[in-house]
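# Summary of structural features
Residues per chain, in single letters:
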Amino acid sequence: AAAKDSKVTVMSKPGLNVRIFSFNTTKAPFDDVRVRQAFAMILDRNEILTVAEFGMGKPTGPVPVSATQWALPLSKLPYPKPDAAKAKKLLADAGYPKGFTFKITCSSTYEGGLAVAQVIQSELKKIGVTAELEVVEWGVYIDKWVKRDFSTMVELRGGSGEPDRFLYRTFHSTGGVNNFLFKDDEVDKYLDMGRTQTAFADRKASYDKLQSLLIEKAPAVFLYSPNENHVLGKKVSGFKQVGNGSLFYLTYTKIAP
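Now for a look at the structure at hand.

### A short note on the overall build of the chain
The helix and strand inventory of the chain stands at eight helices and nine strands. With 257 residues in all, the chain has 48% of them scored as buried. As presented, the chain carries roughly 12400 Å² of accessible surface, and 54% of it is formed by carbon and sulfur atoms.

### Focus on the environment of Thr-130
Assignment of secondary structure puts Thr-130 in strand E5 (residues 130-136). The spatial distance from the C-alpha of Thr-130 to the C-alpha of Gly-99 is 7.5 Å, given a sequence separation of 31 residues. Dropping the residues within four chain positions of it, Thr-130 is found in contact with Phe-100, Thr-101 and Phe-102.

### Here we look at the pattern of salt bridges
Scanning the entire structure with this criterion turns up 12 salt bridges. Between Lys-144 and Asp-149 there is a salt bridge whose closest N-O contact spans 3.3 Å. The exposure class assigned to Lys-144 is buried, which follows from its relative accessible area of 13%. Judged by relative accessible area, Asp-149 falls into the partly exposed class, the value being 38%. Its salt-bridge partner being Glu-155, residue Arg-157 comes within 2.8 Å of it at the nearest N-O pair. The pair Arg-157 / Glu-155 is uniform in exposure class, with both members buried. When salt bridges with common partners are traced through the structure, they connect Glu-134, Lys-144 and Asp-149 into a single cluster.

### Overview of the nonpolar core
In terms of nonpolar packing, the biggest core is built from 60 residues, with Phe-21, Phe-39, Phe-102, Ile-120, Leu-124 and Leu-167 touching the most fellow members. Counting residues per element, this core draws most heavily on helix H1 (residues 33-42), which supplies six residues. In this view, Leu-167 contacts Pro-62, Val-63, His-172, Leu-191, Tyr-207, Leu-210 and Leu-214; residues no more than four positions away in its chain are not counted. Listed in part, the five residues of the second largest apolar core include Val-136, Tyr-141, Trp-145 and Met-153.

Rules of the game
Residues numbered from 1 in each chain as written. Predicted model: local features only at pLDDT ≥ 70, side-chain atom pairs only at ≥ 80, totals over all residues. Heavy atoms only, no water. Helix = DSSP H or I, 4+ residues; strand = E, 2+ residues; numbered from the N terminus. Buried < 20%, exposed > 50% of the residue type's maximum accessible area, 1.4 Å probe, protein only. Areas by Shrake-Rupley, 256 points an atom, 1.4 Å probe, with all protein chains shown as cover. Contact = heavy atoms within 4.5 Å. Salt bridge = Lys/Arg side-chain N within 4 Å of Asp/Glu carboxyl O. Core = buried A, V, L, I, M, F, W, Y, C linked by side-chain atoms within 4.5 Å.

Structure follows, in structure tokens:
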């Protein structure tokens, strides 16, 4: 509505946050990578973005799409489009030919992703999987996140334009916010390499490989980066969007008399 108002200017672009659907990789059936891969294959990023965010964002892989130096396009990553047939086969191979029932922990706050969970619940029916929504208040949601007391969870992760800052803490086996309890030697190797390499080309090769690995190993399904939106009056000048939630450029913003 604001975008149609000639009295204001609307600024909108994908930020550095990443909406993810995460798994506790130590709890059955999500301790089986084939189950996680099946979910990664069936979830439709575009549909989730359209319904949950009214299209205000951009589908992304493990690196926030706004980190343009590092983020690979989805076309160069595994599972770029939903594939129900392959997802069903993976579930059958994992011992779930008729699907299963599980819970998605979410909250009605924006960060808690209830709207996203509802779309995921609908999409999983295509492969015979029944998702029950465990909708909790924000304090309980945070407590479950901290204690790793969930099977799956919808999250909004704070990203970064620097891949090490976002990916190491999140997916390394020793990472401080690795609440997936995810441990993978190959992923650790590339995360450690990225910290020691100094040439951009070398680091880029490591993080390119890492992005594919994270989608294949699927500690989480990477969905989209929501837009950051700002509405400015016509007399406002000098404001720029940073993309990480910062209002740094308010320092340089002027309002004409």
